[in-house]
Amino acid sequence: MTTPDPEGLLAEQLLRLTRRVHRIQKRHLLQRDLGITPAQSRLLRTLAHYGSPPRMADLAERLEVVPRAVTTLVDGLEAGGKVRRVPDPTNRRVTRIELTDDGRSTLTELRRARRSAAEEILAPLSVEQREMLGGLLDTLIDGEAVKRC
């Protein structure tokens, strides 16, 4: 007789939750009809964290993707008027990516969509459970080792 695998079950639950979060966020994005994909959404959110327009290589590094993937995402966002390519003021061989006004408006809507998706996901939890979950997620995000007795 084999014993239950609690870590295996937990891993499966985490994977199922991740897929559910992705589906719900995608649905909330589609409902707002922003005309962008989840990957483009991630690029916009990342772009917003820079103080000045980054190079595409910087975006690729931060997103942990190959530069070609960033080029494809930027092409789509630029066609939609959300970002624009601008020359680097000190090196004419370098192109930087900056948000447009429409891109900033889209970011505001993205934040609203993410908040409403989070509310849907967290709806079954009480305030206390949400606080507990927040603490547990912080521990997992920070990667602190938890000692087992």
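Note that the structure is predicted; figures quoted are calculated from it, not measured.

Cut-off values and rules
- Residues numbered from 1 in each chain as written.
- Predicted model: local features only at pLDDT ≥ 70, side-chain atom pairs only at ≥ 80, totals over all residues.
- Heavy atoms only, no water.
- Helix = DSSP H or I, 4+ residues; strand = E, 2+ residues; numbered from the N terminus.
- Rg over C-alpha atoms; globule rule 2.2 N^0.38 Å.
- Buried < 20%, exposed > 50% of the residue type's maximum accessible area, 1.4 Å probe, protein only.
- Contact = heavy atoms within 4.5 Å.
- Areas by Shrake-Rupley, 256 points an atom, 1.4 Å probe, with all protein chains shown as cover.
- Lys, Arg positive; Asp, Glu negative; His and termini not counted.
- Charge placed at Lys NZ, Arg CZ, Asp CG, Glu CD.
- Expected span 1.5 Å × (residues − 1).
- Arc of directions from axis to C-beta.
- Axes fitted to C-alpha atoms, helices over the stretch in contact; angles between N-to-C directions.
- Parallel < 35°, antiparallel > 145°, perpendicular 65-115°, else oblique.
- Nonpolar A, V, L, I, M, F, W, Y, C, P; charged D, E, K, R; others polar.
- Salt bridge = Lys/Arg side-chain N within 4 Å of Asp/Glu carboxyl O.
- Core = buried A, V, L, I, M, F, W, Y, C linked by side-chain atoms within 4.5 Å.

Draft legend 1. Highlighting the overall build of the protein. What the protein contains, in helices and strands, is 6 helices and 2 strands. When the helices and strands of the protein are placed in sequence order, the string is α-α-α-α-β-β-α-α. In summary, the protein has a C-alpha radius of gyration of 19 Å against a globular reference of 15 Å for 149 residues, an excess of more than 25%. Along the longest, intermediate and shortest principal axes, the C-alpha atoms of the protein span 65 × 30 × 30 Å. Scored against the burial criterion, the 149 residues of the protein give a buried share of 23%. When contacts within the protein are restricted to residue pairs at least 6 apart in sequence, those whose partners lie at least 24 apart make up 50%. Of the roughly 10,800 Å² of accessible surface on the protein, 55% is carried by carbon and sulfur atoms. Charge-centre separation for the protein: the mean point of 26 positive side chains lies 4 Å from the mean point of 21 negative side chains.

Draft legend 2. Summary view of helix H5 (residues 101-122). With 22 residues, H5 should cover 32 Å at 1.5 Å per step; its first-to-last C-alpha distance of 32 Å lies within 8% of that length. All of the buried residues in H5 are Gly103, Thr106, Leu107, Leu110, Ala113, Ala117 and Ile121. Take H5 and look down its axis: the buried residues cluster within an arc of 125°, on one side only. The exposed residues of H5 that point more than 90 degrees off its buried face are Asp101 and Arg115.

Draft legend 3. Region of the structure containing the packing of helix H3 (residues 56-63) against helix H4 (residues 67-79). The contact between H3 and H4 brings their axes to 8 Å, and the two run at 110°. The angle between H3 and H4 falls in the class roughly perpendicular. On the side of H3, the interface is formed by Met56, Leu59, Ala60 and Leu63, while H4 contributes Pro67, Val70, Thr71 and Val74. Split by residue class, the contact of H3 with H4 holds 7 nonpolar, 1 polar and no charged.

Draft legend 4. Layout of the side chain of glutamine 40. The topology assignment puts glutamine 40 in helix H2 (residues 38-47). By relative accessible area, glutamine 40 is classed as buried at 11%.

Draft legend 5. Summary view of the pattern of salt bridges. All chains considered together, the criterion is met by 12 salt bridges. The closest approach of N and O atoms between aspartate 102 and lysine 82, which form a salt bridge, is 3.1 Å. Highlighted residues: aspartate 102 in helix H5 and lysine 82 in the loop between H4 and strand S1 (83-87), separated in sequence by 20 residues. Residue aspartate 102 is classed as partly exposed on the basis of its relative accessible area, which comes to 35%. Relative accessible area serves as the criterion here: at 9%, lysine 82 is assigned to the buried category. Between arginine 96 and aspartate 88 there is a salt bridge, and its shortest N-O distance comes to 2.5 Å. A network of salt bridges, in which partner residues are shared, links Arg32, Glu109 and Arg112.

Draft legend 6. Local environment of the nonpolar core. Counting 20 residues, the largest nonpolar core has Leu43, Leu44, Val70, Val74, Val83, Ile97 and Leu110 as the members making the most contacts within it. Contributions of two or more residues to this core are made by H2, H3, H4, strand S2 (95-99) and H5. Discounting chain neighbours no more than four positions away, the residues touching isoleucine 97 are Leu47, Pro53, Pro54, Met56, Leu59, Val74, Val83, Arg84 and Arg85.

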